[in-house]
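Remarks on the overall topology
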Amino acid sequence: MELRQLRYFAAVCAAGSVAGAAKALHIAQPALSRQMMALEAQFGAQLLVRLPRGVALTRAGEALLAQAKLMLAGAEALRAQVALAANGKAGSLKIGVMPGYSWLPGLGQAIAALSRASPDTDVQLESGLSAWQLDAIKRHELDAGVVAWRSPLDGEIEGMKIYEDRMVLAMPAAVARSVGRIRTLKDLAGQRFILFPRAGSPSHYDALVRILKAAGIPLTRPAAVATDLPTILGLVSAGLGCAIIPASFRLHGPASVVFKEIGGIDLTFDLELVWRADQRDPLLASFVRLFPPPGKPA
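Residues numbered from 1 in each chain as written. Predicted model: local features only at pLDDT ≥ 70, side-chain atom pairs only at ≥ 80, totals over all residues. Heavy atoms only, no water.

Spelled out, the test is: UniProt positions are given in the numbering used here, feature names are shortened, and annotations may be inferred rather than shown by experiment.
Per an unreviewed UniProt entry, the recorded name for the protein is LysR family transcriptional regulator, and the organism is Achromobacter pestifer. Under the UniProt heading Sequence similarities (unreviewed entry), the entry covering the protein gives this text: "Belongs to the LysR transcriptional regulatory family."

And the structure:
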């Protein structure tokens, strides 16, 4: 049994005759009659009673017509849903985002715009560090991700900048009071700093270590090690040490942390939306197009 045969059968029932249905379907009447006989043979039951003028449904024909209408409607709905997905108008996106950055205005605006433009879509956010996101994107476990410090030598990934951030000093308020005026990173040569594992973002880690060493800050024993920025900020708040973190975290910093823009921190922390270079997903393409120009910290 084919959907085409069910469409023919429903047309015969609607027209009340094979001749009327053949005219509506723009096919030859003998060909349509053969399709009806083939359908009866497949079910092993008489579906239509041939009358002098037209046809009438048997009990079996009535049962088939009821189900045929449901199947045909389902097929049309399926075709429409597939067309929406093929045009980037339906489906679900899995997007990674660095811990502490789900508030990004551009991210929220793009999700809202996609929802308005394509109500049959949704976006699922998963928190994770840059290195994990990049691996997940390559394994097809994420469609895209919001990351920092992506290596430009990685040909498997491409992306675009969505937020411009800069790095500042975060220090416990008690330490800020004790050390007095601070102009450059070298003024903190006696302080201990909180770091993160190099595996989380090797290029960022190496750049941070470079400027700390240049300032004469010992790194043999960091004050603590934490895997994400919100945790690092929490350790600074607890008085464990200082840290170099993105300026945007001043928006969420506790009163027990002092933020300072000083010399010697020649680092930026720009965030990118990235995806696989071979990605051809129309839904992701729609999402990317909806991102506003890169924002900057206050």
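The rest of the description comes next.
Structural notes on the overall build of the protein
As a reminder of what qualifies: Each helix corresponds to a stretch of at least 4 residues labelled H or I by DSSP, and each strand to a stretch of at least 2 residues labelled E; elements are numbered beginning at the N terminus. Within these notes, the globule rule equals 2.2 Å times the number of residues to the 0.38 power, and the radius of gyration is based on C-alpha atoms. Burial here depends on accessible area, computed with a 1.4 Å probe over protein chains only, as a share of the maximum for the residue type. Under 20% is buried, over 50% is exposed, and the range in between is partly exposed. Residues are treated as being in contact if the distance between any of their heavy atoms lies within 4.5 Å. Exposure was quantified through the Shrake-Rupley algorithm and a 1.4 Å probe, taking into account, for residues, occlusion by the shown protein chains and nothing else. Only four residue types enter the charge count, namely Lys and Arg as positive and Asp and Glu as negative; His and the chain termini do not. Where a charge sits is defined by one atom per residue type, namely NZ (Lys), CZ (Arg), CG (Asp) or CD (Glu).
Looking only at helices and strands, one finds 10 helices and 12 strands in the protein. Taking 19 Å as the expected radius of gyration for a compact globule of 298 residues, we find that the protein reaches 32 Å, considerably beyond that expectation. Overall, the protein is about 105 × 35 × 30 Å in size when its C-alpha atoms are taken along their principal axes. Looking at the 298 residues of the protein, the share that counts as buried comes to 43%. Residue pairs in contact within the protein that sit at least 24 positions apart in sequence constitute 74% of those at least 6 positions apart. Total accessible area computed for the protein in this model is approximately 15100 Å², and 56% of it derives from carbon and sulfur atoms. Taken as two groups, the 32 positive and 24 negative side-chain charges of the protein have centres that lie 3 Å from each other.

Points about a nonpolar patch on the surface
Heads up, the rule is: Like-charged residues are merged into a patch within 9 Å and nonpolar side chains (Val, Leu, Ile, Met, Phe, Trp, Tyr) within 5 Å, provided each residue has over 30% relative accessible area and no salt bridge. The salt bridge definition used is simple: a Lys or Arg side-chain nitrogen within 4 Å of an Asp or Glu carboxyl oxygen.
A contiguous nonpolar patch, built from Met1, Leu3, Phe43 and Met71 and spanning about 370 Å² of accessible area, is present on the exposed surface. Of note, Leu3 is situated in helix H1 (residues 3–15).

Overview of the sheet that holds strand E6 (residues 157–163)
Quick reminder of the rule: A pair of strands counts as paired when DSSP detects no fewer than two bridges linking them. An axis is simply a line fitted to the C-alpha atoms; with a helix, the fit covers only the stretch in contact. Between two such axes, the angle follows the N-to-C directions and lies from 0 to 180 degrees.
Reading across from one edge, E4-E3-E5-E12-E6 is the order of the 5 strands in this open sheet, with mixed pairing throughout. Sheet topology places strand E4 (120–127) and E6 at the edges, where each strand pairs with a single neighbour. Shown here is a sheet whose adjacent strand axes are inclined to one another by a mean of 25°, direction ignored. Here strand E5 (residues 144–148) runs beside strand E12 (residues 271–276); their pairing, made up of 4 bridges, is antiparallel. Opposite Gly145, over in E12, you have Val274 as the bridge partner. Across the sheet, helix H5 (residues 105–117) is in contact with strand E3 (90–97) and E4; its angle to E4 comes to roughly 155°. Contacting E3, E4, E5, E6 and E12, helix H6 (residues 130–138) crosses the sheet at an angle of about 150° to E5.

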